[in-house]
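Next come the chains, spelled out residue by residue.
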Amino acid sequence: MACPHVTAAAAFIKSFHPDWSPSAIKSALMTTAWEFRASLYPQAEFAYGSGHIDPVKALNPGLVYETSFQEYLKTWCNLTNANCTAKLSPKDINYPSMAVRVEVGVAVSESFPRTLTNVGARSTYVASIEGDTSKLRFKVDPNILRFTKRNQKMNFVVTVKGSKMKPSTINSASLVWTDGVHRVRSPIVVYTRSDGKSASHFSRPHIVFMLIPLMIIHLFFSFLD
């Protein structure tokens, strides 16, 4: 029943913000969701995603992660080995969460470039990392974003480093941007394969078929606008 509930929540937000894109609405729902306790779920974020959505809180998220159709297309090109002029790694897409699969027995060193769009008033946001930081080290650069106007965009990079990981390991934490009023949370997940084989950022068939409905939805709402 999750799909119809989320669809209704998205329609609810669209009624208040008719100019918001599908990715902005999705970002608002994800970054304002109630966080679950990873210790209660062995699969962590792979079991519950960003958490339990709060449609009312999502009406005023403060910041959103906008994902363009071109980003989906470039990611598609990368995963299908299509003859494209530009390609994009799945972990680099401007998504409200961050995940990467790493090689077993190799020290972790990954980065996630992201862009935030201010959908609120002029404000200064400070980044922090919440959750278990005993196994991974995080750096957010810059860790302070000063927005002076609505719809202003600012870039940052999250760098994750850590020791070698064993097979079937999931380490996660959350990046939180706050201005004292809004709390914009994004899960960060670093994991390994169960068989210990060479890493790939995502399972190709899985993400390819995941991208198809996302691209269709993006185009559908673009025509509505």
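See above for the structure.
First, a word on what this report is: a plain description of the structure on this page.

What about the overall build of the protein chain?
When you go through the protein chain residue by residue, the secondary structure sums to six helices and nine strands. Taking all 225 residues of the protein chain together, 44% fall into the buried category. Intrachain contacts of the protein chain at a sequence separation of at least 6 include 68% that bridge at least 24 residues. Accessible surface, the protein chain as shown: approximately 12,000 Å² in total, 59% of it carbon and sulfur.

Describing helix 5 (residues 69–80)
Here helix 5 spans 16 Å end to end across twelve residues, near enough to the 16 Å set by a 1.5 Å rise per residue. For helix 5, the full list of buried residues reads Glu71, Tyr72, Thr75, Cys77 and Leu79. Downstream of helix 5 by one or two residues, Asn81 has phi in the positive range, about 55°.

What to know about the pairing of strand 2 (residues 98–101)
Side-chain alternation along strand 2 places Met98 and Val100 on one buried face and Ala99 and Arg101 on a second face that is also buried. Looking at chain direction, strand 2 and strand 9 (residues 183–191) are connected through four bridges and run parallel. Bridge assignment links Met98 to a residue of strand 9, and that residue is Ile188.

Notes on helix 2 (residues 22–31)
A large share of helix 2 lies buried, amounting to nine of its ten residues. Burial in helix 2 covers these residues: Pro22, Ser23, Ala24, Ile25, Ser27, Ala28, Leu29, Met30 and Thr31.

Regarding the sheet that holds strand 7 (residues 153–162)
Read across the sheet, four strands follow the order 1-3-7-5 without closing on themselves; strand pairing throughout is antiparallel. One side of each edge strand has no neighbouring strand; the edge strands of this open sheet are strand 1 (63–64) and strand 5 (136–141). Note: strand 3 (residues 108–118) against strand 7, ten bridges, orientation antiparallel. Within strand 7, the residue paired with Thr115 across the bridge is Asn155.

As for the environment of Met154
Inspection of the secondary structure assignment puts Met154 in strand 7. Classification of Met154 as partly exposed rests on a relative accessible area of 22%. Between the C-alpha atom of Met154 and that of Asn118, which follows or precedes it by 36 residues, the distance is 8.4 Å.

Section: the pairing of strand 3
By the bridge criterion, two bridges tie strand 1 to strand 3 in an arrangement that is antiparallel. Pairing of Val64 across the sheet is with Thr117, part of strand 3.

Rules used in this analysis
- Residues numbered from 1 in each chain as written.
- Predicted model: local features only at pLDDT ≥ 70, side-chain atom pairs only at ≥ 80, totals over all residues.
- Heavy atoms only, no water.
- Helix = DSSP H or I, 4+ residues; strand = E, 2+ residues; numbered from the N terminus.
- Buried < 20%, exposed > 50% of the residue type's maximum accessible area, 1.4 Å probe, protein only.
- Contact = heavy atoms within 4.5 Å.
- Areas by Shrake-Rupley, 256 points an atom, 1.4 Å probe, with all protein chains shown as cover.
- Expected span 1.5 Å × (residues − 1).
- Pairing = 2+ DSSP bridges.

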